[in-house]
Amino acid sequence: SQTIHQWPATLVQPVGSPLSLECTVEGTSNPNLYWYRQAAGRGLQLLFYSVGIGQISSEVPQNLSASRPQDRQFILSSKKLLLSDSGFYLCASRDRGSSGYTFGSGTRLTVV
Amino acid sequence: DAKTTQPTSMDCAEGRAANLPCNHSTISGNEYVYWYRQIHSQGPQYIIHGLKNNETNEMASLIITEDRKSSTLILPHATLRDTAVYYCIVRVYSWYNNNDMRFGAGTRLTVKP
């Protein structure tokens, strides 16, 4: 079964600072990878998904970007954080031909 | 993907069955019903999914109406650890469907002692 590693678990960053959140996946190869964000008390919003190395699709315009330098590595970045970037960021993985998603434990980002 | 409607919140007594409804009146013939739950400050967890037949696994049962316009997730003997937000999602299942699972606000289930 898949295991998703996300770090850090919590992060406090000042406005205007850069961001890099990393997600790595074990137990599978060539998965679809996803970044979701959850604002306080809200549902999950899809930010990016990737079907392969170097292939990124963005769902919403924003100051965030994503990259997939390796098959099982997915990175969420920002050059300059905004207050509105605060939230709970989740990485997810799905095997091709599988209906189930596996989620990481998330990173709670607070921009101050 | 078809839209789903769920109650905002529900309470359930510990040890009793928790029945969580979901309306998906615009569901199409090739769309599955999925249920996930999210315990506070954790990532969502897959529970169960189905197309038209009722489904059961070690976590829950899924009852889908004959017209497929609604479904109910049943936790047969709710425990305090089942307190979470439960998401009902309708989505086409296809190996080449590479896009996302779209989550709504879900139902916040509180299991009380």
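Only a predicted model underlies this, so the values are computations on that prediction, with no experimental measurement involved.

Caption draft 1: Up close: the overall build of chain A. For chain A, the helix and strand inventory stands at zero helices and 11 strands. Moving toward the C terminus, one meets the helices and strands of chain A in the order β-β-β-β-β-β-β-β-β-β-β. By the compact-globule yardstick of 13 Å for 112 residues, chain A fits well, its C-alpha radius of gyration being 13 Å. Each principal axis of the C-alpha atoms in chain A carries an extent, and together these give about 40 × 25 × 20 Å. Per-residue burial over chain A gives 50% buried out of 112 residues. Put simply, of all contacts in chain A between residues at least 6 apart along the chain, 55% involve residues at least 24 apart. Looking at chain A as shown, the accessible area adds up to about 5,000 Å², and 51% of this sits on carbon and sulfur atoms. Separation between the mean location of the 9 positive side-chain charges and that of the 6 negative ones in chain A comes to 7 Å.

Caption draft 2: Representation of the overall build of chain B. Tallying secondary structure elements over chain B gives zero helices and nine strands in all. Helices and strands appear in chain B in the N-to-C order β-β-β-β-β-β-β-β-β. For chain B, whose C-alpha radius of gyration is 14 Å, the value lies close to the compact-globule estimate of 13 Å for 113 residues. Based on the C-alpha atoms only, the size of chain B along its principal axes is roughly 45 × 30 × 25 Å. Split into buried and exposed, the 113 residues of chain B put 42% on the buried side. Partitioning the contacts of chain B with sequence separation of at least 6, the portion at a separation of at least 24 is 58%. Accessible surface, chain B as shown: approximately 5,900 Å² in total, 49% of it carbon and sulfur.

Caption draft 3: Expanded view of the pairing of strand β2 (residues 18-23) of chain B. All names here are of chain B. Only one face of β2 is covered, namely the face carrying A18, L20 and C22; the face carrying N19, P21 and N23 is uncovered. Relative to strand β7 (residues 70-75), β2 runs antiparallel, the two being bridged by six bridges. Across the sheet, the residue bridging to A18 is L75, located in β7.

Caption draft 4: Here's a closer look at the packing of aromatic side chains. Residues and elements named next belong to chain A. Under the definition given, this model contains nine aromatic pairs over all chains. Here the aromatic rings of Y34 and Y101 are separated by 4.9 Å at their centres, their planes lie at 40°, and the arrangement is tilted. Taken together, the positions of Y34 in strand β4 (residues 32-38) and Y101 in the loop between β9 (87-94) and β10 (102-103) put the pair 67 residues apart, joining distant regions of the chain. For R108, the ring lying beneath its charged end belongs to F88, and the centroid distance is 4.5 Å.

Caption draft 5: Up close: the state of the cysteines. All names here are of chain A. Enumeration over the complete set of coordinates arrives at two disulfides over all chains. A sulfur-sulfur separation of 1.9 Å characterises the disulfide bridge that pairs C23 with C91. With the S-S dihedral at roughly -70°, the linkage between C23 and C91 falls on the left-handed side. Taken as a pair, C23 in strand β3 (residues 19-26) and C91 in strand β9 lie far apart in primary sequence, 68 residues in all.

Caption draft 6: Representation of the nonpolar core. All names here are of chain B. In terms of nonpolar packing, the biggest core is built from 21 residues, with L20, W35, L73, L75, Y86 and L109 touching the most fellow members. Taken together, the elements giving at least two residues each to this core come down to β2, β3 (31-38), β4 (45-50), β6 (61-64), β7, β8 (84-92) and β9 (107-112). In terms of residues, this core owes the most to one element, β8, which gives four residues. With near-sequence residues (within four places) excluded, Y86 lies in contact with Q6, L20, W35, Y36, R37, I47, L73, L75, G106, T107 and L109.

Caption draft 7: Spatial organisation of the pattern of salt bridges. Overall, the coordinates contain four salt bridges over all chains when judged by the stated rule. In this structure, D85 of chain A and R37 of chain A form a salt bridge, with 3.7 Å as the shortest nitrogen-oxygen distance. With a gap of 48 residues between them, D85 of chain A in the loop between β8 (73-78) and β9 and R37 of chain A in strand β4 connect regions that are remote in the sequence. Its relative accessible area of 3% is what places D85 of chain A among the buried residues. With a closest N to O distance of 2.7 Å, R37 of chain B and D82 of chain B form a salt bridge. Separated by 45 residues along the polypeptide, R37 of chain B in strand β3 and D82 of chain B in the loop between β7 and β8 bring together distant segments of the chain. According to the relative accessible area criterion, D82 of chain B is buried, its value standing at 13%.

Rules of the game
- Per chain, residue numbering runs from 1 following the sequence as it is written.
- Numbering of ligands from 1 and lettering of chains from A proceed in the order in which they are written.
- It should be noted that, the model being predicted, local features are given only for residues of pLDDT at least 70 and side-chain atom pairs only at 80 or more, the latter also being counted only at that level, while totals for whole chains, interfaces and linings use all residues.
- Water and hydrogen atoms play no part in the side-chain values, which are based on all heavy atoms of the structure.
- By definition, any uninterrupted DSSP run of H or I lasting at least four residues is a helix, any uninterrupted run of E lasting at least two residues is a strand, and each is numbered from the N terminus.
- For the radius of gyration, the atoms used are the C-alpha atoms, and the globule rule reads 2.2 Å times the number of residues raised to 0.38.
- Type-normalised accessible area, obtained with a 1.4 Å probe on protein chains alone, sets the label of each residue: buried when under 20%, exposed when over 50%, and partly exposed for intermediate values.
- Here a residue-residue contact requires only that any non-hydrogen atoms of the pair lie within 4.5 Å.
- Residue-level accessible areas treat just the shown protein chains as cover; the underlying method is Shrake-Rupley with a 1.4 Å probe.
- In this count, Lys and Arg are taken as positive residues and Asp and Glu as negative ones, while His and the chain termini are left out.
- Taken as the charge location is NZ of Lys, CZ of Arg, CG of Asp or CD of Glu.
- Strands are treated as partners if at least two bridges between them are detected by DSSP.
- Between the rings of Phe, Tyr and Trp (Trp by its six-membered ring), a pair exists once the centres lie within 6.5 Å; its type follows the angle of the planes, with under 30 degrees stacked, over 60 edge-to-face, and the other angles tilted.
- Look at NZ for Lys and CZ for Arg. If either is within 6 Å of the ring centre and within 35 degrees of the ring normal, a charge sits over the ring.
- In this description, the term disulfide denotes a pair of cysteine sulfurs within 2.5 Å.
- By nonpolar core we mean a set of buried residues, namely Ala, Val, Leu, Ile, Met, Phe, Trp, Tyr and Cys, connected to one another through side-chain atoms within 4.5 Å.
- The term salt bridge refers to a pairing of a side-chain nitrogen on Lys or Arg with a carboxyl oxygen on Asp or Glu at a separation within 4 Å.

Geometric values such as these leave the question of function open.
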